Amino acid sequence: ILFFRMGDFYETFYDDAHKVSRILGITLTSRDKQGDAPIPLAGIPYHALDQYLLRLLAAGQTVAICEQTEDPAQARGLVKREVVEVISPGTITNPALLPDSDGVYLLAICPASEERWGWALLDSSTGEFRCATTTPEEVRALPRRYPVAELLVPDSDVDPEGRSSLATAL
């Protein structure tokens, strides 16, 4: 989900607007309502970003924050913007977004063979990092030992609907 800073709001468009509206229960509106191709739009006040991010992250979403990088009063044409942060359930570092748990873990898995899998475990809130190559059974036990918020798997393991056989196996 890409949030664009637009003055006092963060706005989303098209598919992101539909998704944000559904997950957050906010109004879906549109730009250019009278035109031939209205643009779906959903926005949140900039000062409430953290509370909405918590809900989006809890829903498993990844959010990119695109900020204005020049003063709108000085801009000619479109205001310049840049993505300044990308936040996913397993990469939270902002203390306001951290759950009251034993960390926020991101687990990456890469099967090397049927008998050996590589894995890496990162707690982005503390910087704790562990990695190894071990049996698939030992990798499957990791989410029982650590509160894994996000799982990374090879692209080759994801089907067209976005499902992963490795994620299902865990």
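Residues numbered from 1 in each chain as written. Predicted model: local features only at pLDDT ≥ 70, side-chain atom pairs only at ≥ 80, totals over all residues. Heavy atoms only, no water.

Draft legend 1. View of the pairing of strand 5 (residues 63-68). The buried count for strand 5 comes to five of six residues, which makes it a mostly enclosed element. Here strand 5 pairs with strand 6 (residues 81-87) via six bridges, running antiparallel. Bridge pairing links Val-63 to Ile-87 in strand 6. (Buried < 20%, exposed > 50% of the residue type's maximum accessible area, 1.4 Å probe, protein only. Helix = DSSP H or I, 4+ residues; strand = E, 2+ residues; numbered from the N terminus. Pairing = 2+ DSSP bridges.)

Draft legend 2. Layout of the sheet that holds strand 2 (residues 9-13). One open sheet holds the six strands; their spatial order is 3-4-2-1-5-6, and the pairing between them is mixed. A single partner strand is all that each edge strand has here, and the edge strands are strand 3 (29-31) and strand 6. Geometrically, the sheet is characterised by an average inter-axis angle of 35° between neighbouring strands, direction not taken into account. Against the sheet, helix 1 (residues 14-24) engages strand 1 (2-6), strand 2 and strand 4 (39-45), with an angle of about 50° to strand 4. (Axes fitted to C-alpha atoms, helices over the stretch in contact; angles between N-to-C directions. Contact = heavy atoms within 4.5 Å.)

Draft legend 3. Quick look at the packing of aromatic side chains. Taken as a whole, this structure holds three aromatic pairs when the rule is applied. A centroid spacing of 6.1 Å and a plane angle of 75° characterise the contact between Phe-3 and Tyr-10, whose relative ring orientation is edge-to-face. Ring geometry for Tyr-105 against Tyr-146: centres 5.1 Å apart, planes inclined by 55°, an arrangement best described as tilted. Placement of Tyr-105 in strand 7 (residues 105-111) and of Tyr-146 in the loop between helix 3 (136-145) and strand 10 (148-152) is noted, with a sequence separation of 41 residues between them. (Phe/Tyr/Trp six-rings, centres within 6.5 Å; stacked < 30°, edge-to-face > 60°.)

Draft legend 4. Inspection of the environment of Arg-22 at higher detail. Turning to its location among the elements, Arg-22 is positioned in helix 1. Taking the C-alpha atoms as reference points, Arg-22 and Arg-145, 123 residues apart in sequence, are found 33 Å from one another.

Draft legend 5. Structural view of the sheet that holds strand 7. In spatial order, the strands read 9-8-7-10; together these four strands make up an open sheet with mixed pairing. In this open sheet, the two strands that pair with only one neighbour each are strand 9 (128-134) and strand 10. Ignoring which end each strand starts from, the neighbouring axes of this sheet average 15° apart. Pairing analysis gives four bridges linking strand 7 to strand 10, with the strands arranged parallel. Its bridge partner lying in strand 10, Tyr-105 is registered against Val-148. In the packing of helix 3 onto the sheet, contacts are made with strand 7, strand 8 (117-123), strand 9 and strand 10, and the angle to strand 8 comes to roughly 20°.

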